[in-house]
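Notes for the structure review
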Amino acid sequence: QVQLVESGGGLVQAGGSLRLSCAASGRTFSSSYCMGWFRLAPGKEREFVAAIRRNDNTYYADSVKGRFTISRDNAKNTVSLQMNSLKPEDTAVYYCAAAPAGCGQGYDYWGQGTQVTVSS
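Since the structure is predicted, the reported quantities are computational estimates derived from the model, not experimental observations.

A short note on the pattern of salt bridges
- Considering all chains together, one arrives at 4 salt bridges under this definition.
- Note that R39 and E47 form a salt bridge whose closest N and O atoms lie 2.7 Å from each other.
- Taking relative accessible area as the criterion, E47 reaches 30% and is therefore assigned partly exposed.
- In the salt-bridge network here, residues are joined through shared partners; they are R39, E47, R67 and D90.

Here is the structure:
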């Protein structure tokens, strides 16, 4: 099985920063998995935020380019999302996810989510 646990969410003022972390564990988890971050706000569809391959190639939604940075530490089985210049529209539950077959494929494993609230 694979478990993903997010942490680092909280309340921050607009323009501030937060760093989210995702810890992966389980006997079936592989560091070759694509790791991604998604977010879900009330009344909105789940939105892709960022993803990272094992080789550190990264992908970002246009809405967060230049503000968010995804990274991973394969030795620790962790992935992080550094969020800078936060905006109220970034408010959402952020989910860590793993795609065993690649970033362009399905995300089969999901964390519980961590709330990010950006106040104006």
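A look at the sheet that holds strand β8 (residues 78–83)
- The strand order across the open sheet built from 4 strands is β1-β3-β8-β7, with neighbouring strands paired in antiparallel fashion. The open sheet terminates on both sides in strands that have one partner only, identified here as β1 (3–7) and β7 (68–73). Adjacent strand axes in the sheet meet at a mean angle of 15°, parallel and antiparallel pairs treated alike.
- Summarising the sheet, β7 and β8 pair through 6 bridges and their orientation is antiparallel. Residue pairing across strands places F68 opposite M83, the latter belonging to β8.

About the thresholds
Residues numbered from 1 in each chain as written. Predicted model: local features only at pLDDT ≥ 70, side-chain atom pairs only at ≥ 80, totals over all residues. Heavy atoms only, no water. Salt bridge = Lys/Arg side-chain N within 4 Å of Asp/Glu carboxyl O. Buried < 20%, exposed > 50% of the residue type's maximum accessible area, 1.4 Å probe, protein only. Pairing = 2+ DSSP bridges. Helix = DSSP H or I, 4+ residues; strand = E, 2+ residues; numbered from the N terminus. Axes fitted to C-alpha atoms, helices over the stretch in contact; angles between N-to-C directions.

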